[in-house]
Amino acid sequence: MIQGYVARLKMLSIPKEYPEIDLIRMINYRSFEGCVNNEIRCTIMSLMSRGMVTASDIATALGISRTAIYRHLHSLRRNGLALYRDGKFYVAARLFLVYDTSLSEDGSIKLTVHPNKGGFVDESLGFVFVKGELCRCDVCRVRDECLSAVKGLAKRLEVKIRSERPLEAFREIVIEIVKRDVIHIVKEGYLVVKTAEELEEQNLSE
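Residues numbered from 1 in each chain as written. Predicted model: local features only at pLDDT ≥ 70, side-chain atom pairs only at ≥ 80, totals over all residues. Heavy atoms only, no water.

(A) Broad picture of the pattern of salt bridges. Inspection of every chain in the model, using the stated rule, returns 14 salt bridges. Among the ionic pairs, Arg165 bridges to Asp138, the shortest N-O distance being 3.4 Å. With Arg165 in the loop between helix H6 (143-157) and helix H7 (166-188) and Asp138 in the loop between strand S6 (126-131) and H6, this pair connects stretches of sequence that are 27 residues apart. In this structure, Arg143 engages Asp144 in a salt bridge whose closest nitrogen and oxygen atoms are separated by 3.7 Å. A residue is classified by how much of its surface remains accessible, and Arg143, at 23% relative accessible area, is partly exposed. Connected through shared salt-bridge partners, Arg8, Glu158, Arg180 and Asp181 make up one network. (Salt bridge = Lys/Arg side-chain N within 4 Å of Asp/Glu carboxyl O. Helix = DSSP H or I, 4+ residues; strand = E, 2+ residues; numbered from the N terminus. Buried < 20%, exposed > 50% of the residue type's maximum accessible area, 1.4 Å probe, protein only.)

As structure tokens, this is what we get:
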């Protein structure tokens, strides 16, 4: 029987032609910042989320050389945001959470999830990036569309939200699912520690 939290996460939308992708990926804070601070990489994520999954099509859509597109795709793959299958590129997960780590004096590792940062696939907007302090919900031209997408995310995840500001609403969602779902996944599963280079070699061999 599928656990409730897994069933909820599987309700998050992905394009029909997609292979199976991760339910949640936790992305290092610095890797996430490297993507959201680059407009082209954000656009590539959105195009992949809409089903545009070849480097040639992405290059044509953006009017940029394939060489440049491959550089961006390589960076997205290396940082865990995209994956490569049979000559095509896909967003690597339905939902991304952003974390950072610190080392305590006793040698234990503290993992902190940033509830105001992350991203998710949306059938209307493509990919929605939540950029924390970089978000300006009150003056954003796509505020209403973003709020609608965040509300749709909340509905699929069965989270009740109060805020009408996209950033705060997303924050409410992350806080709830970390307490309700993610902690169970971590406790019942296991964590694999690999370097970016190891993951790149694994992707190339698949």
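(B) The arrangement of empty space enclosed by the protein in detail. Counting across every chain of the model gives 1 cavity of 30 Å³ or more. Taken as a whole, the largest cavity spans an internal volume of roughly 50 Å³. Considering the residues around the largest cavity, the lining is formed by Leu12, Ser13, Arg94, Phe120, Val121, Asp122, Ala149, Leu153 and Arg156. Contributing elements (two or more residues each) for the lining of the largest cavity: strand S5 (109-122) and H6. (1 Å grid on protein atoms, 1.4 Å probe; cavity = no way out; pocket = protein on both sides within 12 Å on 5 of 7 lines; lining within 4 Å. Points joined across faces, edges and corners; volume = space filled by probe spheres on them.)

(C) How the structure looks around the nonpolar core. Met45, Met48, Leu73, Leu76, Val91, Phe96 and Phe129 are the most contacted members of the largest nonpolar core, which totals 31 residues. Residue assignment for this core shows that the elements contributing at least two residues are helix H2 (29-36), helix H3 (39-49), helix H4 (55-62), helix H5 (66-78), strand S2 (82-85), strand S3 (88-91), strand S4 (93-103) and S6. Of the residues forming this core, the biggest block, 5 residues, is contributed by H3. Sequence-distant contacts of Met48, defined by excluding residues within four places in its chain, comprise Pro15, Tyr18, Val53, Ile58, Leu73, Leu76, Ala82, Phe89, Tyr90 and Val91. Counting 25 residues, the second-largest nonpolar core is a separate cluster that includes Leu97, Cys146, Leu167 and Val174. (Core = buried A, V, L, I, M, F, W, Y, C linked by side-chain atoms within 4.5 Å. Contact = heavy atoms within 4.5 Å.)

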